[in-house]
Every structure is written in C-alpha cells, then in structure tokens.
Amino acid sequence: MIEEQDDAYLVSRAREGYLEAFETLVRRHQGRAYRLAVRLTGDSHEAEDAVQEAFVDAWRGLPQFAGDAAFGTWFYRIVVNRCIGMARRRKPRPIEIVPDTLVADGHPGQAVEQQARDEALRRAIQQLPSELRAPLVMVTFADFTYEEAAAVLHINPSTVRGRIARARKSLLEQMREWA
Amino acid sequence: MTSRLGRGGPPQADRLPCGRHVDDLIEQVAEGHGGDLTEHQRACTHCRAFLAETATLWEPVSALAHEELRPPADLFDKVITRVRELAADAWFVLLPNDAGATRIAARALAGIAQASAARAAGVRAVLGRSSHTPLATAAAAATRSHRQPDSAVGIAGTQVVIDLALVTRYGARIPDVADDVRGRVLRALRALAGLRHVRVDITVDDVR
C-alpha cells in the first residue's frame, strides 16, 4: 500500500512524476501544516492559502530537493516561510474571531470576557517577532520537538529553547492583563 | 502575590529568591508538567507561588493548543488540482541521477520528435511549435480549435507524451504512416534523450 510507504520513498516516486505518491504526502502532512499555518498567520483563510502554495512550491521544488534532509523538514520550512512572508506583507487588520468561542458555558459576561481574552492571546502571538513566533508556534501548537523545530528553522536546538523562553515570557506579560 | 512578570512590580528577575530560574518553571508549566513538583518545589513557597501564577496565565494558551483544527475539506483537492495542472504544463523532462539531474526542455523533445517524424515515408508535414513552413502554418491554423500550440509534449516527471499532428501525402496508407512515425519517434527519443516511458499520440489533420 502506498499509504504505508515512508516519505523518502514517496518523494522519490513523486520526483519520477507519480502524482499518487505526492497525493499521499499531501494527505500525510496537510493537517500539521494547516495547524502550523493557522497559528502562525492568525487567519484561517491565509493559512489555507499558505499551505496550498507551500505544497505547490514543494511539487515545483522536488527536482531541487536534494533528499539529504527529511521531506518534512524541508516542507515545513516552506510553510513557515510562506506564513511569515504573508504576515509581513499584510496590512494591520483585526484578528479573526472564531464563532465557537462566542458560545461558552456559564454567564454571558464570562463568555464575552473569554472571547476578549482569546482574541488578546491570538493578537499577542501575532505581535511576536517572527524569530520568536515560529519556534513557539511549532512547539506549542503543532507538536514539533525542539530538535525538529531547530532542523526546520536552521538553528540550534538550544537557540530554539532560548527563543521559546522569550516568547513565553512575552505572552505571559500580555496575558497578565486578563488574569 | 508578588509578580515576577508584572509591569509595576520589582525589576524582572531571571531567578526566584530561592535561586531557581523562571524560564525552567515556565517551561515546566508550558509543557504540561506544572503539577509534577520536585522535592525542592514541594518545600519552596516561591516556586509554588510562581508555578501557580504561571499555570493560571498559561491556561488560555493550553486551551488554544488543544483546540481542534482540521484543514478545510477541499484543501487536498485544491492542491492536487494545481499540481495536476503543473504536471501537465511541465516544460522539461527530468532524468534524476546520483550525480545530478538532467533536464531536457519540452521544446527539445518536440524538435527531436518532429525531425524524426518528418523522415517517415508518407509524411508531408509535422506540426509543432517550431514549425513555420507554409504548409504547417496553414494546417496549424486549420486545426487550432482542437489543438493547443504548447500541448505537443506533455511531461510528468520522466513520463512523456508526445502529441504529433501530421499532414500525410495523398496515397499513403494512414495507419502505416502513423506506425512508422511512432516507431521513429520512440527510437529517436530513446537514442537521443534516453527516454524510455514515451507515448506517441498521432493526429492526422490533413491529407495533401
């Protein structure tokens, strides 16, 4: 079964032009890529665009992909770069409010406060400089280990850890206002 | 509670009065182990207060991290549609090799195919992008409605489809001409470009 093959095999088949192999790679990585993109951009529509373009970039780049890195490392770097590029080009705009957060248990006042707090959190994540935001989002929201994030971002695991520590402190500062 | 993070409080310290680094405690909470106290932490009021405060502040982040996020149902189809279009429009064939990759432009393959096809008996003209003879131009104009000028070579990785349009000589048996052309094109592409997975589709557009 092609679904059971590892990424390296699928990449080699995709490079030979077998779309089915690439389709399997897309199925395998789209969920994590989307979670990463939503939290990096703070916007589900931008995230969808970023992931779509990243897969297209990956297809285009397969001939250049040397294969000395894992496909995931290479691909998620494309996703991160796409998302950060989008955020840089974007004009300031209100952070998207997910409708579900409007309906919280308990009193209406609590729901409004929770919604405002969640919005403040999303805004705080977006306002982090990209070199802090990327490692924080990867590890906190997309289940990357420090080592995986370091490989994707081309930095040392110790640097990842240091940047995440700074990002967490910054977020905690912001969240204090809602405590 | 005295805040180590708060704006109006004492200068932000990297360490608690007990000497423990705040980054380590924040990491402990952020990674979901805030309740797993060490022996020191169980006995240390500074650590326990800081862990409790951090846990409260970090709770919305944990909640956001646990929020289920699924990609839109049509994302996969959108990606694959785009990739199929790219595969159909690929302008070169890729021959990977351990020492590097060789790319041969579609135009080059079309040139080889046309030159070899034109040598077949019974062929008056072969249509393609680089063909500018009056006869080929006239035939191309006549068949524009069902042919894309750039569709003469379709490539996906090392899979190649050559789509040739011919004008055959009156009197030549068309199936024989087509077989001869196909054989010549396959042999030429194998010999000159190293291609093994080639399909040659032939359209006879006109007989003169």
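In this text, all values refer to a predicted model and were calculated from it rather than measured experimentally.

## Side note on the overall build of chain B
Piece 1. Counting its regular elements, chain B contains 7 helices and 6 strands.
Piece 2. The linear arrangement of helices and strands in chain B, starting from the amino end, is α-α-α-α-β-β-α-β-α-β-β-α-β.
Piece 3. Counting every position in chain B, which comprises 208 residues, the buried fraction comes to 38%.
Piece 4. At a minimum sequence separation of 6, the contacts of chain B that also span at least 24 residues come to 59%.

## Considerations on the pattern of salt bridges
Side-chain pairing between opposite charges can occur once the charged atoms of the two side chains come close.
Piece 1. Scanning the entire structure with this criterion turns up 25 salt bridges over all chains.
Piece 2. Two residues, Asp-57 of chain A and Arg-82 of chain A, come together in a salt bridge whose shortest N-O distance is 2.9 Å. Highlighted residues: Asp-57 of chain A in helix 3 (residues 44-61) and Arg-82 of chain A in helix 4 (residues 71-89), separated in sequence by 25 residues.
Piece 3. Overall, Asp-57 of chain A belongs to the partly exposed group, its relative accessible area being 22%.
Piece 4. Asp-14 of chain B is the salt-bridge partner of Lys-169 of chain A, the closest N and O atoms lying 3.4 Å from each other. Of the two residues, Lys-169 of chain A is situated in helix 8 (residues 157-176) and Asp-14 of chain B in the segment before helix 1 (22-30); the pairing between them involves two chains.
Piece 5. Residue classification places Asp-14 of chain B among the partly exposed positions, given a relative accessible area of 43%.
Piece 6. One network of salt bridges, in which partners are shared, links Arg-39 and Arg-122 of chain A together with Glu-67 of chain B.

## Some words on helix 6 (residues 130-141) of chain A
Since the α-helix packs 3.6 residues into each turn, any two residues three or four apart lie on the same face.
Piece 1. With 11 of its 12 residues buried, helix 6 of chain A lies for the most part within the structure.
Piece 2. If you check which residues of helix 6 of chain A are buried, you get Ser-130, Leu-132, Arg-133, Ala-134, Pro-135, Leu-136, Val-137, Met-138, Val-139, Thr-140 and Phe-141 of chain A.

Procedures and definitions
- Think of each chain on its own: its residues are numbered from 1, step by step along the sequence as written.
- Each chain takes a letter, starting from A, and each ligand takes a number, starting from 1, following the order in which they are written.
- Local features in a predicted model are, by the rule used here, given only for residues with pLDDT of at least 70; side-chain atom pairs are given and counted only at 80 or more, and totals for whole chains, interfaces and linings are based on all residues.
- Side-chain measures here rest on the full set of heavy atoms in the structure, leaving out hydrogens and waters.
- Only DSSP runs of H or I with at least four residues qualify as helices, and only runs of E with at least two residues qualify as strands; both kinds are numbered from the N terminus onward.
- Exposed residues in this analysis have more than 50% of their type's maximum accessible area, buried residues have under 20%, and partly exposed residues fall in between, with area computed by a 1.4 Å probe over protein chains only.
- Throughout, a residue-residue contact means that at least one pair of heavy atoms, one from each residue, lies within 4.5 Å.
- When a carboxyl oxygen of Asp or Glu lies within 4 Å of a side-chain nitrogen of Lys or Arg, that pair is called a salt bridge.

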